[in-house]
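So you can see what is in the structure, the chains are spelled out below.
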Amino acid sequence: MSEPAFDVAVIGAGVVGCAVARRFVLGGARVLLLEKGADLLSGASKANSAILHTGFDAPGGSLELACMQRGYAEYMQIAQALNLPVLETGALVAAWSDQEFERLAQLHAQASDNGVHDVQRLDRAEMLAREPHIAPSVRGGLLVPGEHVIDPWSAPLAYLRQAVENGGRAVFDAPLLAGRRVGAQWRLHSARGHFRARCVVNCAGLWGDRVEAMLLGQASFQIKPRKGQFVVFDKSASALLRSILLPVPGEHSKGIVLTRTVFGNLLVGPTAEEQEDRSRATVERAALQRLIDKAGQLLPALRTMPVTAVYAGLRPASEKKEYRLHLQADAGYFAVGGIRSTGLTAALGLAAHVFDRLRPCLPDLAPPDRVLCSPVPNLAEHRERDWEKPGDNDIVCHCERVTRREIEAALTGPVPALDLGGLKRRTRVCMGRCQGFHCAARVAELSAGHFHAPLALATLDRHG
Ligand SMILES: Cc1cc2nc3c(=O)[nH]c(=O)nc-3n(C[C@H](O)[C@H](O)[C@H](O)COP(=O)(O)OP(=O)(O)OC[C@H]3O[C@@H](n4cnc5c(N)ncnc54)[C@H](O)[C@@H]3O)c2cc1C
């Protein structure tokens, strides 16, 4: 047999797959990660609200809650070593009607049951003292101090980099096409070659049910994509809000959120729209206008603020509300499916859970003596950016103040950017006010020869 052999093959380099790959590498496994996209974060994980949730409003006793809280704790524990930013905003759940105001007591009790004990009730005056720009019609709210904002892209990148630096292998443009169990191993056929693995962890997000059907003959869950559209206001708007402004949650969605980003913008969204298409997350003018109007109702000063960008993401929701985790120990198979709205927070917790459950299938693993841990570049505006550091600061993207040094670093290193979307998510180049109008030619020049598919200027505005 000539195919390379691994202990674990992870399918999918979304935030969950990156975290799972890291966890198994740190546990001593030989790990292969297969990703069908040209770079990591080609699916759901490229577009979210970037909130690190405490789980205060998660279903009590659920695995989702446990994974979120375990993930939150590990994120905080490794943030400094990996240079991951945390914008410590806290959140305010705002009640705008008598009915919502009455539901705060129940939500407060739920937070306490979920182990989030620092939540406080605020009256209208206290809400306005904390957030002077919100609409004065607010009835009251809850303060959730532990909800924070993180960088949704540097976190998974850091997880995968640590996996690769410590011996894991990531292969891109490598959709899994077929797989079968032969004896105690999986024989996997991808577009980039054949591999063997003792166990498979299915982290294929929006395609998780299809991958499971491919491997097991049928799927135990069904993905039902749920789209979320967002509007990004200009950086000047972020001075209008300190906390994450949450609605009183509904039955099916967390509702429309107003939040700052670590990149210095202010974000409103997401919508929650069921759709069949698993690949395309389009934005629609009418939905975006409703978001802009909603943002203006919550924070009236936003009505005069310019919009910098719009985007949409697809949640890998399933036909049930809960996460769809499924171990088939005799087949060395684990599905991490249906990670719809909280996967950024839960990823490290999910990874730890999968490792604990699959560990008996891999009894001979021994953690490495030494673990490499290199920091990711910082893109958060509340911390020192590269352009502020001494040296030759040749700024390529003036909107987001991205230096040539940052672009060159993102094109090399342990997990280099392999397409324009990957470069944007690693540096923020082309993501500011002009959306690449001024810097695109320079970016094309600097990235020449680095991407599998050559960068044509006409494609620049289509990569998100
Ligand atoms: C609108 C929105 C807002 C959100 N807000 C938050 C938030 O504020 N906080 C939070 O914690 N979470 C949030 N989330 C949730 C979070 O983004 C998702 O839970 C998470 O991205 C799901 O990650 P995943 O790794 O399971 O899936 P994905 O990111 O979709 O990763 C799956 C990967 O598998 C690959 N793949 C598929 N099929 C194959 C195959 N055959 N072979 C190889 N690779 C394959 C795909 O290309 C993809 O890269 C939000 C999500 C959305 C959409």
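Residues numbered from 1 in each chain as written. Predicted model: local features only at pLDDT ≥ 70, side-chain atom pairs only at ≥ 80, totals over all residues. Heavy atoms only, no water.

## Quick look at the site of the ligand
Our working definition: Whether a residue is near a molecule or strand is decided by its heavy atoms; if any one of them lies within 4 Å of it, the residue is near. Residues adjacent in sequence count toward polar contacts only when both atoms are side-chain atoms; beyond that, a polar contact is any pair of N or O atoms within 3.5 Å, and within protein one must be able to donate a hydrogen and the other to accept it. Numbered from the N terminus, helices here are DSSP runs of H or I no shorter than four residues, and strands are runs of E no shorter than two. For this classification, Asp, Glu, Lys and Arg are treated as charged, while Ala, Val, Leu, Ile, Met, Phe, Trp, Tyr, Cys and Pro are nonpolar and the rest, including Gly, are polar.
Surveying the vicinity of the ligand reveals 41 residues, the closest of which are Glu35, Ser45, Leu176, Ile339 and Thr345. At 3.1 Å, a backbone N or O of Val16 approaches an oxygen atom of the ligand. Ala50 has a polar backbone atom sitting 3.4 Å from an oxygen atom of the ligand. Elements represented by at least two residues in the shell around the ligand include exactly helix H1 (15-26), strand S13 (226-233), strand S18 (307-315) and helix H8 (343-358). Per-class residue counts for the shell around the ligand are 22 nonpolar, 15 polar and four charged.

## Remarks on the environment of Val200
For the record, the criterion: Think of it in three bands: residues with accessible area under 20% of the maximum for their type are buried, residues over 50% are exposed, and the middle band is partly exposed, with areas taken using a 1.4 Å probe on protein chains only. Only heavy atoms matter for contacts: two residues are in contact if any of them lie within 4.5 Å across the pair.
Mapped onto the elements, Val200 comes out in strand S12 (residues 193-202). Residue class for Val200 comes out buried when judged on its relative accessible area of 0%. Taking the C-alpha atoms as reference points, Val200 and Val336, 136 residues apart in sequence, are found 11 Å from one another. Setting aside residues up to four positions removed in sequence, Val200 forms contacts with Ala9, Ile11, Trp186, Leu188, Leu215, Gly332, Tyr333 and Phe334.

## Comments concerning the side chain of Glu400
By the element assignment, Glu400 lies in the loop between strand S21 (395-397) and strand S22 (402-403). Apart from the residues within four sequence positions on either side, Glu400 is in contact with Lys235, Phe263, Arg385, Arg428, Met431 and Gly432.

## Some thoughts on the UniProt feature "domain: BFD-like [2Fe-2S]-binding" (unreviewed entry) in the chain
Cut-off, in case you're wondering: UniProt positions are given in the numbering used here, feature names are shortened, and annotations may be inferred rather than shown by experiment.
Feature annotation in UniProt assigns "domain: BFD-like [2Fe-2S]-binding" (unreviewed entry) to the following positions: residues 395-446. Note that residues 395-446 is 42% helix and 10% strand, and that its end C-alpha atoms are spaced 13 Å apart.

## Observations concerning the sheet that holds strand S4 (residues 86-87)
Note the cut-off: At least two DSSP bridges between two strands are required for those strands to pair.
An order of S3-S8-S4 is seen for the three strands of this open sheet, with the pairing classed as antiparallel. Strands at the two margins of the open sheet, each flanked by one partner only, are strand S3 (51-52) and S4. Where S4 lies against strand S8 (residues 148-150), two bridges are found, and the strand directions are antiparallel. Bridging across to S8, Val86 finds its partner in Ile150.

## Let's talk about the packing of helix H2 (residues 63-82) against helix H5 (residues 154-165)
Selection criterion: Axes here mean lines fitted to C-alpha atoms, for a helix over just the part in contact, with angles spanning 0 to 180 degrees between N-to-C directions. Throughout, the term roughly parallel applies to angles under 35 degrees, roughly antiparallel to angles over 145, roughly perpendicular to angles from 65 to 115, and oblique to all others.
Running from N to C, H2 and H5 point in directions that differ by 75°, and their axes come no closer than 12 Å. Here H2 lies roughly perpendicular to H5, going by the angle between them. Between H2 and H5, the residues in contact are Tyr75, Ile78 and Leu82 and Ala155, Ala158, Tyr159 and Gln162, respectively. Residue classes in the contact of H2 with H5 are distributed as six nonpolar, one polar and no charged.

## Remarks on the layout of surface pockets
Short version of the rule: Points on a 1 Å grid, built from protein atoms alone, make a cavity when a 1.4 Å probe fits but cannot get out and make a pocket when they are open with protein on both sides within 12 Å along at least 5 of 7 lines; residues with an atom within 4 Å of a point are the lining residues. Grid points are joined across faces, edges and corners, and a volume is the space filled by probe spheres set on the points. The split into domains, and so the bounds of each, comes from an automatic or database assignment of domains.
By volume, the second largest pocket amounts to about 270 Å³. Lining of the second largest pocket is provided by 20 residues; of these, Pro377, Glu406, Ala409, Ala410 and Arg426 occupy positions nearest its centre. Looking at the lining of the second largest pocket, the elements with two or more residues in it are H5, helix H9 (404-410) and helix H10 (420-427). In terms of residues, the lining of the second largest pocket owes the most to one element, H9, which gives four residues. Of the residues assigned to the lining of the second largest pocket, the class counts are eight nonpolar, four polar and eight charged. Each of domain 1 (6-46 + 153-223 + 319-361) and domain 3 (386-447) gives at least three residues to the lining of the second largest pocket.

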